[in-house]
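Overview (structure and organization)
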Amino acid sequence: MHGRASPGGEALPASRLTIPAVPLLPILLVIHIALAIALFLPSLLLPFALRSRRAGTGADNPVARGLLALQAHGTVVIGAGLAVTGTALIALLGPALLGQPWLLVALTIYAANLVIAFFVQRPGLRRLIGVRAALDDRAWAVLARRQRYLSYLMAGLVGTIGLLMSQKPQLW
């Protein structure tokens, strides 16, 4: 028999037994967005996970340990996945998408956020984590506050990207 029987009892051809194709675009888009957020997650959340008034490594905080591990070992893999899914999205949607003003602005903001995350926030977090200080160390508190303000800025930039991606405004 070439296939299973239909409700009437006759055999269905094997070509009718295929599983319907799942639309690739929504799945790819969700993966791309998740990777884009995951790339910034440590830089956004670590200053808040280390919010306690004492300096140190955050070894007693499992959230801080996980974010530190993700930042130290996951950024290359996440970045590569982001590049692959972004390229696939362009292939699916067509290269004309790259001419959309809202996308160009969003990509520029994303690039600025990457620069802030990797060249400003990460070194600051390393200094913050490496500082051994007493509970009243004002220098540590000032550095921690600065890192939180950078996180607020980065979160605002991520929100702006989300707004541009969801609204697709006509900018020029």
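Now for a description of the structure that goes with this document. Being a predicted model, the structure only gives us computed values, none of them experimental. Throughout, a residue's number is its position along its own chain's written sequence, starting from 1. Owing to the predicted nature of the model, reporting of local features is limited to residues with pLDDT of at least 70; listing and counting of side-chain atom pairs is limited to 80 or more, with chain, interface and lining totals taken over all residues. Side-chain measures were taken over the full set of non-hydrogen atoms in the model, leaving aside hydrogen atoms and water.

**Thoughts on the overall build of the protein**
The secondary structure listing takes helices from DSSP runs of H or I that are at least 4 residues long and strands from runs of E that are at least 2 residues long, numbered from the N terminus. Helix and strand content of the protein: 5 helices and 0 strands. Listing every helix and strand of the protein by position from the N terminus yields α-α-α-α-α. Burial here depends on accessible area, computed with a 1.4 Å probe over protein chains only, as a share of the maximum for the residue type. Under 20% is buried, over 50% is exposed, and the range in between is partly exposed. Residues classed as buried in the protein amount to 34% of the 172 residues present. Contacts are residue-level and defined by heavy atoms, with any inter-residue pair within 4.5 Å sufficient. Intrachain contacts of the protein at a sequence separation of at least 6 include 73% that bridge at least 24 residues. Working note: accessible area of the protein is about 10,600 Å², and carbon and sulfur atoms make up 70% of it. Note on areas: these come from Shrake-Rupley sampling with a 1.4 Å probe, and a residue is covered only by the protein chains present in the view.

**Observations concerning a nonpolar patch on the surface**
Patch membership requires over 30% relative accessible area and the absence of a salt bridge. Like charges are linked within 9 Å, and nonpolar side chains (Val, Leu, Ile, Met, Phe, Trp, Tyr) within 5 Å. A side-chain nitrogen of Lys or Arg and a carboxyl oxygen of Asp or Glu constitute a salt bridge if their distance falls within 4 Å. Taken together, the side chains of Leu24, Leu25, Leu92 and Leu93 define a hydrophobic patch exposed on the protein surface, amounting to about 350 Å² of accessible area. Listed by contribution, the elements that provide at least two residues to the nonpolar patch are α1 (24–49) and α3 (75–93). Examined against the element boundaries, Leu92 turns out to sit in helix α3.

**Topic: the environment of Ala38**
Within the element layout of this structure, Ala38 appears in helix α1. Overall, the relative accessible area of 18% leaves Ala38 in the buried class. Residues Ala38 and Leu70, spaced 32 residues apart in sequence, show a C-alpha to C-alpha distance of 8.8 Å. Those residues in contact with Ala38, other than ones at most four positions away along the chain, are Leu70 and Ile78.

**As for the packing of aromatic side chains**
How two aromatic rings sit relative to each other is given by the distance of their centres and the angle of their planes. Stacked, tilted and edge-to-face pairs are distinguished by plane angle, under 30 degrees for stacked and over 60 for edge-to-face with tilted covering the rest, among Phe, Tyr and Trp rings (Trp via its six-membered ring) whose centres lie within 6.5 Å. For the coordinates displayed, the defined rule picks out 3 aromatic pairs. Aromatic side chains Phe48 and Tyr152 sit 5.4 Å apart centroid to centroid with 50° between the ring planes, which places their arrangement in the tilted category. Of this pair, Phe48 sits in helix α1 while Tyr152 sits in helix α5 (residues 138–167), and the two are 104 residues apart along the sequence. For Tyr152, a relative accessible area of 47% corresponds to the partly exposed category. Following the ring pairs from residue to residue traces out a cluster consisting of Phe48, Tyr149 and Tyr152.

**Quick notes on helix α2 (residues 62–73)**
A helix is expected to reach a length of 1.5 Å times the quantity of its residues less one. Along its 12 residues, α2 runs 16 Å from first to last C-alpha, staying within 8% of the 16 Å computed at 1.5 Å per residue. When α2 is considered as a whole, its buried residues turn out to be Ala64, Leu67 and Gln71. An end-on view of α2 places all buried positions within 65° of arc, on one side of the element. Within α2, the exposed residues directed more than 90 degrees away from the buried face are Pro62, Ala72 and His73. By arc we mean the arc of the directions from the helix axis to the C-beta atoms, nothing more.

**Thoughts on the nonpolar core**
Nonpolar cores were defined as sets of buried Ala, Val, Leu, Ile, Met, Phe, Trp, Tyr and Cys residues, with membership established by side-chain atoms within 4.5 Å. Counting 20 residues, the largest nonpolar core has Phe40, Leu82, Tyr110 and Met154 as the members making the most contacts within it. Among the secondary structure elements, those contributing two or more residues to this core are α1, α3, α4 (101–130) and α5. The element contributing the most residues to this core is α4, with 7 residues. If near-sequence neighbours (up to four positions away) are discounted, Tyr110 is found in contact with Ala36, Leu39, Phe40, Leu82 and Ile161. Core analysis: the next-biggest nonpolar cluster, separate from the first, contains 11 residues, Ala64, Leu67, Leu125 and Leu128 among them.

Spatial relationships are all this shows, so hold off on functional conclusions.
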